Amino acid sequence: MASLIPTSAAKNSGYPSSMAIPDDVRVFFIFGKPMVSTKKTKTTIVNVATNMPGAQSPLQKEVVDERKLVAWISVRQERWEGELDVKGEIPKWLNGTYIRNGPGLWHLGDYNFRHLFDGYATLVRLAFDNGRLVMGHRQIESDAYKAAKKSNKLCYREFSEVPKHDNFLAYIGDLANLFSGASLTDNANTGVVKLADGRVVCLTETIKGSIVIDPNTLDTLEKLEYSDSLGGLIHAAHPIVTDSEFLTLLPDLLNPGYMVARMDPGTNERKVIGRVDCRGGPSPGWVHSFPVTEHYVIVPEMPLRYCAKNLLKAEPTPLYKFRWCPESKGFMHVMCKASGKIVASVEVPLFVTFHFINAYEEKDEEGRITGVIADCCEHYADTTILDNLRLQNLRSWGGEDVLPDARVGRFRIPLDGSEKGELYAALNPDEHGRGMDMCSINPNFLGKQYRYAYACGAQRPCNFPNTLTKIDLVEGTAKNWYDEGAVPSEPYFVARPGATEEDDGVVISMISDKNGEGYALILDGTTFEEIARAKFPYGLPYGLHGCWVPKN
């Protein structure tokens, strides 16, 4: 029989009146029989729980009637927390908290945001403790979010949104604030990392959008104020964070190039390692992420470049604040971590990527480094993926196969002075449905030669990555998990303590299911079969990236 566990809904914590949750709304956990797959490539729903009782929140003003679109609609209330009913068995060694960040609120009153990346940040935590699981979610209290709540209008520049101006003087003032950075958002809706000193920081591509949170309560604590004088307005949304270092890239929009910086644990001071000057184009290429090896930082120069002209426009272009410049070519630069010197700078085939997976050094028989391999989720130099992520496109899908193809793109960068590098598919893209993004690896293999990657792939036809996939880069194969109608978020690998095999651990993902539902999913890292799931009280919007905070 299905079990019914009533839990009082968290009280509204300050949404404007147009976004309020009634105080008497109660939410329920409704769980049915386990929904377990006996196949490696597809999950079959054995039993679907009945619809949750209770009124639909006025927060969902932009919701279409089809509840299956829960991945692309605003979170229904600002915060909630409770223990989940687990079906299956969570390993007893899995003790800690998985935190996922991502846009989760896409409207203000009657105004709907345009793009997936515009939404105000929604944090979700899964706290694992000896087989039990507690879930909670809440909004990050950024200045942008608090101002929007107070005024019920957009007050800062988001990815595709610009505040509406009452008059020309206000527009001129906004331009001045743009160049100073004052009007740029601090909506930290992209990533979340655990620093070596224990601080948990949420990030976006604006430097001011670095916000420290409490991993146990999801409370917003403070801004991460950098104590150096490096300046700049933007940085890579995905720094490299280990127990010994924090590495980041700062694009230079005035003198096109990239500054590579390191921040020591326990400090807020970034120190320059070196600088890379752009070899092509009037501006730096967009750098959302970058890879490292044991000795090198790899700096990608993508022909999708920042564009000041587009940034100044009140209405977005199909490429938003970027411009596709194929004539400027693509390049990969390799910088020595220790000296800051450039050891290689090669032209590569045109490419488009949001996310690098990993990189490592190639060596000859005598142990000398001869080249660098850098893997990424590459979109065949096709920029249409950006415009495909408009909310209208995601919500209006009619069953056509419109997701642009993607692959595990592998760069080979020679260190022998060659002028050109290579870019090719690391495995047959059909293995993962020609969809590839939102990747993770065993963090113990960061910067080292590795075999496995976990990512979101595709079961076509689709308009967005809809599977979880385990990539075997040695065998050139993939194992795929699929639940029809569901949208899974980034699969995050957590290694078993004491493990000696690379894939010995579990993979955690959060699923925005059909019919407005959702659940946490735990897969075995080796077999990639489901071992547990826990149903949420209601479906949550799609999220982007996460991190693992071990217990104690």
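Nothing here was measured: the structure is a model prediction, and the numbers come from that model.

K.L.:
Looking at this model, I keep getting lost on the overall build of the protein. Mind explaining?
P.N.:
For the protein, the count of helices and strands is 5 helices and 37 strands. Here the protein holds 552 residues, and 58% of them are scored as buried. Across the protein, the fraction of contacts at a sequence separation of at least 24, relative to all contacts at a separation of at least 6, is 63%. Entry remark: accessible area of the protein is about 21800 Å², with carbon and sulfur atoms responsible for 50%.

K.L.:
What's the story with the pairing of strand β31 (residues 477–482) in this structure? I'm lost.
P.N.:
Regular strands place their side chains on alternate faces of the sheet. Sheet analysis places strand β30 (residues 467–472) next to β31, joined by 6 bridges and oriented antiparallel. Directly across from Thr469, in β31, lies its bridge partner Asn480.

K.L.:
It is not clear to me how the environment of Asp118 should be interpreted in this structure. Could you clarify?
P.N.:
Assignment of secondary structure puts Asp118 in the loop between β8 (111–112) and β9 (120–129). For Asp118, a relative accessible area of 0% puts it in the buried group. Those residues in contact with Asp118 that lie beyond four places of it in its chain are Trp106, Phe113, Glu158, Phe159, Ser160, Glu161, Asn187 and Asn189. Separated by 3.1 Å, the side chain of Asp118 and the backbone nitrogen of Phe159 make a polar contact.

K.L.:
Mind showing me how you'd approach the packing of aromatic side chains here?
P.N.:
Aromatic rings considered in pairs are described by the distance between their centres and by the relative angle of their planes. Within this structure, the stated rule accounts for 20 aromatic pairs. For the ring pair Phe159 and Tyr320, a centre distance of 5.1 Å and an interplane angle of 40 degrees mean the geometry is tilted. Here Phe159 is found in the loop between α1 (143–151) and α2 (168–180), whereas its partner Tyr320 is found in the loop between α3 (308–312) and β21 (322–324), with 161 residues between them in sequence. Comparing Phe159 with Tyr320, the two get one shared label, buried. On the numbers, 4.9 Å between centres and 85 degrees between planes, the contact of Phe464 with Tyr542 is edge-to-face. Residue Phe464 is located in the loop between β29 (452–457) and β30, and its partner Tyr542 is located in the loop between β36 (530–535) and β37 (545–550); the two are separated by 78 residues in the primary sequence. For the pair shown, Phe464 and Tyr542 are each scored as buried.

K.L.:
What's the story with the nonpolar core in this structure? I'm lost.
P.N.:
Nonpolar side chains tend toward joint burial in soluble globular proteins. Core analysis: the biggest nonpolar cluster contains 84 residues, and Trp72, Tyr120, Met332, Leu386, Phe411 and Ile413 have the highest contact counts within it. When residues no more than four places from it in sequence are discounted, the contact partners of Leu386 are His115, Phe117, Phe159, Trp286, Leu304, Leu319, Tyr320, Phe322 and Phe354. By size, the runner-up hydrophobic cluster in this structure holds 24 residues, among which are Phe128, Val494, Ile508 and Ala532.

K.L.:
Is there a simple way to think about the pattern of salt bridges in this case?
P.N.:
When the charged atoms of two side chains lie near each other, side chains of opposite charge can form a pair. One pass over the structure, following the stated rule, counts 37 salt bridges. Residue Arg390 is joined to Asp387 by a salt bridge in which the shortest nitrogen-to-oxygen separation is 3.2 Å. Among the residues examined, Arg390 registers a relative accessible area of 25% and is labelled partly exposed. Overlapping salt bridges, with partners in common, bring together Asp401, Asp405, Asp430, Arg434 and Arg460 in one network.

K.L.:
For this particular structure, what's the right way to read unusual backbone geometry?
P.N.:
Both trends apply: most residues other than glycine have a negative phi, and most peptide bonds are in trans. With an omega of 5 degrees, the peptide bond between Arg460 and Pro461 qualifies as cis. Not every positive phi belongs to a glycine, and Asn130 is a case in point at roughly 55 degrees. Counting through the fold element by element, Asn130 comes out in the loop between β9 and β10 (132–139). Note on Asn130: relative accessible area 47%, which makes it partly exposed.

K.L.:
What am I meant to see in the sheet that holds strand β17 (residues 257–263) here?
P.N.:
Hydrogen bonds between backbone atoms are what pair the strands of a sheet, whose relative direction is either parallel or antiparallel. With antiparallel pairing, the 4 strands of this open sheet are ordered in space as β15-β16-β17-β18. Two strands bound the open sheet, and with one partner strand each, they are β15 (240–241) and β18 (270–277).

K.L.:
Would you mind going over α1 with me for this structure?
P.N.:
Within α1, the full set of buried residues consists of Ala144, Tyr145, Ala148 and Lys149. The buried side chains of α1 occupy one side of the element, clustering within an arc of 130 degrees when seen end-on. The elements touched by buried residues of α1 are β6 (103–105), β7 (107–108), β9 and β10. Just downstream of α1, Asn152 is the residue with a positive phi angle, here 60 degrees.

K.L.:
Could you clarify how one ought to interpret the confidence of the model for the protein in this entry?
P.N.:
Keep in mind that low pLDDT regions are not for reading the predicted coordinates in detail. On average, residues of the protein score 88 in pLDDT, and 87% of them reach the 70 mark or higher. Under a pLDDT of 50 for its full length, residues 1–66 has, in the predicted model, 161 contacts with residues more than four places off or in other chains.

K.L.:
Can you walk me through the sheet that holds strand β25 (residues 369–378) in this structure?
P.N.:
What the 4 strands build is an open sheet, ordered β24-β25-β26-β27; its pairing is antiparallel. Two strands lie at the open edges of the sheet, namely β24 (353–363) and β27 (422–425), each paired on one side alone. Pairs of neighbouring strands in the sheet enclose a mean axial angle of 25 degrees, with direction left out of account. Of the pairings in the sheet, the one linking β24 to β25 comprises 8 bridges and is antiparallel in character. In the strand pairing of β25, Phe356 is matched with Cys376.

K.L.:
How do you make sense of the pairing of β18 when you look at a structure like this?
P.N.:
Where β17 meets β18, 7 bridges bridge the pair, whose relative direction is antiparallel. The residue bridging Tyr258 from the neighbouring strand is Val276, located in β18. Adjacent in sequence and paired antiparallel, β17 and β18 are bridged by 6 residues, among which Gly266 carries a positive phi angle near 80 degrees.

K.L.:
How do you make sense of the side chain of Asn466 when you look at a structure like this?
P.N.:
Tracing the chain through its elements places Asn466 in the loop between β29 and β30. Of the polar contacts made by the side chain of Asn466, one reaches the backbone nitrogen of Gln459; its length is 2.7 Å. In contact with Asn466, other than residues within four places in its own chain, are Gly457, Ala458, Gln459, Tyr482, Ala486 and Pro488.

K.L.:
Explain the side chain of Glu530 here, please?
P.N.:
Tracing the backbone shows Glu530 in strand β36. Glu530 sits in the buried class, given a relative accessible area of 11%. Of the polar contacts made by the side chain of Glu530, one reaches the side chain of Arg533; its length is 2.8 Å.

Cut-offs used in this document
- Residues numbered from 1 in each chain as written.
- Predicted model: local features only at pLDDT ≥ 70, side-chain atom pairs only at ≥ 80, totals over all residues.
- Heavy atoms only, no water.
- Helix = DSSP H or I, 4+ residues; strand = E, 2+ residues; numbered from the N terminus.
- Buried < 20%, exposed > 50% of the residue type's maximum accessible area, 1.4 Å probe, protein only.
- Contact = heavy atoms within 4.5 Å.
- Areas by Shrake-Rupley, 256 points an atom, 1.4 Å probe, with all protein chains shown as cover.
- Pairing = 2+ DSSP bridges.
- Polar contact = N/O pair within 3.5 Å; in protein donor to acceptor, adjacent residues only side chain to side chain.
- Phe/Tyr/Trp six-rings, centres within 6.5 Å; stacked < 30°, edge-to-face > 60°.
- Core = buried A, V, L, I, M, F, W, Y, C linked by side-chain atoms within 4.5 Å.
- Salt bridge = Lys/Arg side-chain N within 4 Å of Asp/Glu carboxyl O.
- Arc of directions from axis to C-beta.
- pLDDT = per-residue confidence, 0-100.
- Axes fitted to C-alpha atoms, helices over the stretch in contact; angles between N-to-C directions.

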